[in-house]
Amino acid sequence: MTEAYPLSWPQGFKRTAAAKRRSAPFGKTGSRGYKTQLTTADGLRRLMEQLELMGAINYVISSNCELRRDGLPYSGRRDPDDPGVAVYFQFCGKAHCLPCDKWGSVADNMAAIAKHIEALRGMDRWGVGDLEMAFAGFKTLPPPGGGVPVDEEPRRNWWNVLGVDQGTTPDKVREAYRRLAKKHHPDAGGDPDKMAELNAAYQEGMK
């Protein structure tokens, strides 16, 4: 799994105002039978499981929750102020994104996307349709920056975007991405097109 930090919210998708976010019905049953709140690790496991079962490839789970190298969140850290989650993936040869920021925690937004994928997977079991049919109604992602007009320069190579050597290590790719993302993220007053270019470069560089 490749993680993306900080959150890269897809262009064209509306954000939920912080005051309208709610507590989610997701949770887990503890040893004494009481329902407890999901941890970020719980939400991440649920989401990754559904992505794998669906057959999504090259997926990137983007949030403001910094993850360790093994893909799991650091323990003991407070939930970020912006709990949104956006999952980028390829399915049936097309790039898609499922974002969610309706709920008040990163864990619950991950769990919500997992539930959504699980429901779509049900189409295969019920025989009414299939996943490819379901995703035909979803937006596919445009090229970074919405495409490059013919009178402009072509898209730069990923290593030029990140300012690293082509044969650099994944750690250096991740370090360069995070440094530039802090500068260019729209939440910090940056350019959304530049951030989209950085995200595409990061995904290519981590392959």
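See the structure above.
Keep in mind it's a predicted model, so treat the numbers as computed, not measured.

A. Structural context of the pattern of salt bridges. Counting across every chain of the model gives nine salt bridges. A salt bridge links Glu197 to Lys194; its shortest N-O distance comes to 3.6 Å. Taken together, the residues span about one helical turn, with Glu197 and Lys194 both in helix H6 (residues 192-205) at a distance of three residues. By relative accessible area, which is 17% here, Glu197 ends up buried. Salt bridges sharing common partners tie together Arg15, Arg21, Asp82 and Asp101.

B. Structural detail: the nonpolar core. Leu47, Leu51, Met54, Ile61, Val87, Phe89 and Ile113 are the most contacted members of the largest nonpolar core, which has 29 residues in total. Listed by contribution, the elements that provide at least two residues to this core are helix H1 (40-54), strand S4 (57-63), strand S5 (85-91), strand S6 (94-100) and helix H2 (106-126). Among the elements that take part in this core, H2 stands out by supplying nine residues, more than any other. Beyond its immediate sequence surroundings of up to four residues, Ile113 is in contact with Leu47, Val85, Val87, Leu98, Pro99 and Cys100.

C. Representation of the packing of aromatic side chains. Applying the stated criterion across every chain yields a total of three aromatic pairs. Look at Phe26 and Trp103: their rings are 5.8 Å apart centre to centre, the planes differ by 80°, and that puts the pair in the edge-to-face class. Of this pair, Phe26 sits in the loop between strand S1 (2-4) and strand S2 (28-29) while Trp103 sits in the loop between S6 and H2, placing them 77 residues apart in sequence. With respect to burial, Phe26 and Trp103 carry one shared label: buried. Seen in terms of ring centroids, Trp158 and Trp159 are 5.5 Å apart; in terms of plane orientation they differ by 85°. Their pairing is edge-to-face. Take Trp158 and Trp159: they sit in the same class, and that class is buried. Directly above the ring of Trp9 sits Arg15, whose terminal nitrogen or CZ lies 4.1 Å from the centroid.

What counts, and at which threshold
Residues numbered from 1 in each chain as written. Predicted model: local features only at pLDDT ≥ 70, side-chain atom pairs only at ≥ 80, totals over all residues. Heavy atoms only, no water. Salt bridge = Lys/Arg side-chain N within 4 Å of Asp/Glu carboxyl O. Helix = DSSP H or I, 4+ residues; strand = E, 2+ residues; numbered from the N terminus. Buried < 20%, exposed > 50% of the residue type's maximum accessible area, 1.4 Å probe, protein only. Core = buried A, V, L, I, M, F, W, Y, C linked by side-chain atoms within 4.5 Å. Contact = heavy atoms within 4.5 Å. Phe/Tyr/Trp six-rings, centres within 6.5 Å; stacked < 30°, edge-to-face > 60°. Lys NZ or Arg CZ within 6 Å of the ring centre and 35° of its normal.

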